[in-house]
Structures are given as structure tokens and as C-alpha cells.
Amino acid sequence: MDIFDYLEEMQVELFQKSFEEIEAKYYRLCSTIAGDNVAERIRNVNLDILQTKLKSSLQKALYIENKQSIEAIYFEYDMDNEWESTFFICDEYSSLSEEDDDWASDWIAEIEGPINSEFAQIYQENGFDVTEKAKAVTLFLVIRTVKALGTVAQDIKVNIPLCIGFHDQDPIMRIKE
């Protein structure tokens, strides 16, 4: 299956299952295809500091949302640059069903997010989707990133659409619509 087919499936699962269930599915996939050592390495990356930084940046974004009328928050991370990330504050939004993510490239403010050097290193060792192993690794890294942000969003009660994607991902995933 193409990696983008998996990402579409992951999007559906985000609305139907818990983060833990989805993470477990992609852990099993990664373990089966890439091996237990790689899957364990990814699972053992401690995300506490990342989540603390995500929370701080997301709270800044929500502060802007309280001061202005915004429609959505889009979180983007760059797999090729240390998993460097940015929160984009958007005054427009289109639902997933509209199949139009142009709104995310037109933002009114941006807030620097954290990096994740450990994920970046694992990704660089494997690539995006050049092999089945690379696909499985990428998908597990993606869902761990989505889960990190989604967990933070649940804890601080985000009440507007919250979206996430790696640089140039199309379509963008919705954590909350």
C-alpha cells in the first residue's frame, strides 16, 4: 500500500479510535516490517519535553485565538530539518470533506514549535517511503507526533479545528475538526 493510503487511513482512525489504539497499530506494523529494535527505539523516545514545549506553543496560539477571530490552528513539522515545527494561526479553514487545504498556507501569525532531533535522526536513517521498512518507520514516527500534539490538545481543551502535517503533506490531518 502507498504511504499516502496509510495516511488517509490514519486520518479516519483519528476520528474513530484513541491515540493509543492507533499508535499500537503502527507500532505493530513497524515492528513487523522494520523489526522490533527499530519499533522499540521509536517507542522509547521520551516525548515529555516535546509535549511540554508543544503545550507552551499551543497555549500561545490559543491566546491569539482569544484576542482575534481565528478559524484554525495548523501545526507543521519538517522531517528533513530536525523535525522543526511551527504553529500557524489561520483565519480561514476548510473541513476535510471540502478537500481544500489552501487555507493552511495563508496564516495571520506563526509561533515557533519544538524540534525532535531523535525522530529526525531515525527518519534520516530510513527515508520517507523508498522501502517498506522506511514506510513503516515514517508512519510510526508520524503517529507518535500526532499523538504528542493530540494529547496536549486534549489536556488544554482546544475548541477550534486543530490540524497537523509534515512539510508538504497533502491532505493535512485533522486532530480536531
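Before reading further, recall that the structure is shown in the block above.
Below is a short write-up of the structure. Predicted model, so just to flag it, every value in this text is computed and none were measured. (Residues numbered from 1 in each chain as written. Predicted model: local features only at pLDDT ≥ 70, side-chain atom pairs only at ≥ 80, totals over all residues. Heavy atoms only, no water.)

**Considerations on helix H4 (residues 48–67)**
Over its 20 residues, H4 runs 29 Å from end to end, which matches the ideal 28 Å to within 8%, given 1.5 Å per residue. If you follow the buried residues of H4, they end up packed against strand S1 (72–78), strand S2 (84–90), strand S3 (107–112), helix H6 (132–156) and strand S4 (162–166). (Helix = DSSP H or I, 4+ residues; strand = E, 2+ residues; numbered from the N terminus. Expected span 1.5 Å × (residues − 1). Contact = heavy atoms within 4.5 Å.)

**Some points on the packing of aromatic side chains**
A complete count under the given rule lists 13 aromatic pairs for this structure. Between the aromatic rings of Tyr77 and Trp83, the centroid separation amounts to 5.4 Å while the plane-to-plane angle is 25 degrees, which identifies the pairing as stacked. Accessibility assignment for this pair places Tyr77 and Trp83 in one class, buried. Judged by centre distance (5.7 Å) and plane angle (80 degrees), the ring pair of Trp83 and Phe119 falls under edge-to-face. You can see Trp83 sitting in the loop between S1 and S2 and its partner Phe119 sitting in helix H5 (residues 117–126), a full 36 residues away along the chain. By the burial criterion, Trp83 is buried, and Phe119 matches it. Taking the ring centre of Tyr27 as reference, the NZ or CZ of Arg43 above it sits at 3.9 Å. (Phe/Tyr/Trp six-rings, centres within 6.5 Å; stacked < 30°, edge-to-face > 60°. Buried < 20%, exposed > 50% of the residue type's maximum accessible area, 1.4 Å probe, protein only. Lys NZ or Arg CZ within 6 Å of the ring centre and 35° of its normal.)

**Quick look at the pairing of strand S5 (residues 173–176)**
In terms of strand pairing, S4 meets S5 through three bridges, oriented antiparallel. Residue pairing for S5: Leu162 is matched across the bridge by Lys176. (Pairing = 2+ DSSP bridges.)

**What to know about the pattern of salt bridges**
The full count for this structure, using the stated rule, is nine salt bridges. The shortest N-O distance in the salt bridge between Arg41 and Glu125 comes to 2.6 Å. Separated by 84 residues along the polypeptide, Arg41 in helix H3 (residues 36–43) and Glu125 in helix H5 bring together distant segments of the chain. Across the pair Arg174 and Asp101 runs a salt bridge whose closest N-O atoms are separated by 2.8 Å. Taken together, the positions of Arg174 in strand S5 and Asp101 in the loop between S2 and S3 put the pair 73 residues apart, joining distant regions of the chain. Asp101 carries the same exposure label as Arg174, and that label is buried. Each of Glu9, Glu13 and Lys25 takes part in one network of salt bridges that share partners. (Salt bridge = Lys/Arg side-chain N within 4 Å of Asp/Glu carboxyl O.)

The values are spatial; any link to function lies outside them.
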